[in-house]
Amino acid sequence: LISFRRAGRWRVAFRQHVEECKASGGFMVQAEERSGLGAGQRIEMNIAEQLGLKVFRTYTNLPWFTTENGMFRPLGAAVRAWYDSGCTDSELEQVFIGSTGMPFETR
């Protein structure tokens with residue numbers, strides 16, 4: 001019973017954060033590891049979709065993330081393009097931040 005209450009409070013708190021983010025013209029970045037999304041991440045995505053919040057989901061073919069070698073530049077470019085276009089597209093945007101020349105570069 002306690003875990004259900006905590007889960008419910010977590011969802012309510014997350015939903016409030018998403019509402020605040022949406023109201024201020026923000027977005028969500030979701031990092032998908034090679035193993036896929038976790039259960040909590042799927043819940044976060046459902047809430048974001050329900051409220052129309054833009055989500056940039058990064059995915060990779062590497063076992064780790066790093067800021068070295070400009071790995072996150074594609075994410076920055078995607079966010080900049082979204083702002084430059086007026087922030088009207090609320091569809092999920094997949095952003096590859098892995099190593100080129102290896103599997104899973106495109107979706």
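For the structure itself, look to the data block above.
Residues numbered from 1 in each chain as written. Predicted model: local features only at pLDDT ≥ 70, side-chain atom pairs only at ≥ 80, totals over all residues. Heavy atoms only, no water.

Q: Would you take a moment to explain the side chain of Gln30 for this structure?
A: Tracing the sequence through the fold places Gln30 in strand β1 (residues 28–32). Overall, Gln30 belongs to the buried group, its relative accessible area being 2%. Residues contacting Gln30, with those up to four places away along its chain left out, are Leu37, Gln41, Glu44, Met45, Val55, Phe56, Arg57 and Thr58. (Helix = DSSP H or I, 4+ residues; strand = E, 2+ residues; numbered from the N terminus. Buried < 20%, exposed > 50% of the residue type's maximum accessible area, 1.4 Å probe, protein only. Contact = heavy atoms within 4.5 Å.)

Q: Would you mind going over the environment of Arg11 with me for this structure?
A: Assignment of secondary structure puts Arg11 in helix α1 (residues 2–23). Distance in space between the C-alpha atoms of Arg11 and Gly40 is 9.4 Å, their sequence separation being 29 residues. Look past the residues within four positions of Arg11 in its chain and what remains in contact with it is Ile43 and Ile47.

Q: In this structure, what is going on with the packing of aromatic side chains? I would like to understand it.
A: The description of an aromatic ring pair uses the distance of the two centres, along with the angle that the planes make with each other. For the structure on display, the rule yields 7 aromatic pairs. Relative to Phe56, the ring of Phe27 lies with its centre 5.4 Å away and its plane at 85°, an arrangement referred to as edge-to-face. You can see Phe27 sitting in the loop between α1 and β1 and its partner Phe56 sitting in strand β2 (residues 55–59), a full 29 residues away along the chain. Residue classification places Phe27 among the partly exposed residues on the basis of a relative accessible area of 26%. Judged by centre distance (6.1 Å) and plane angle (75°), the rings of Phe27 and Tyr83 are edge-to-face. Note that Phe27 is positioned in the loop between α1 and β1 and Tyr83 in helix α3 (residues 73–84), a separation of 56 residues in sequence. Within the aromatic cluster, the residues linked to one another by ring pairs are Phe27, Phe56, Trp82 and Tyr83. (Phe/Tyr/Trp six-rings, centres within 6.5 Å; stacked < 30°, edge-to-face > 60°.)

Q: It is not clear to me how the sheet that holds strand β3 (residues 93–96) should be interpreted in this structure. Could you clarify?
A: For sheets, the rule is that strands pair by backbone hydrogen bonds, running either parallel or antiparallel. Judged by pairing direction, the sheet is parallel, and its 3 strands sit side by side in the order β1-β2-β3 without closing on themselves. Edge positions in the open sheet fall to β1 and β3, since each of these has one partner strand only. Strand after strand, the sheet turns through a mean of 25° between neighbouring axes, direction not considered. The sheet contact formed by β1 and β2 spans 5 bridges and is parallel. The partner of Ala31 across the bridge, within β2, is Thr58. Contacting β1 and β2, helix α2 (residues 39–51) crosses the sheet at an angle of about 150° to β1. (Pairing = 2+ DSSP bridges. Axes fitted to C-alpha atoms, helices over the stretch in contact; angles between N-to-C directions.)

What is shown is where atoms sit, not what they do.
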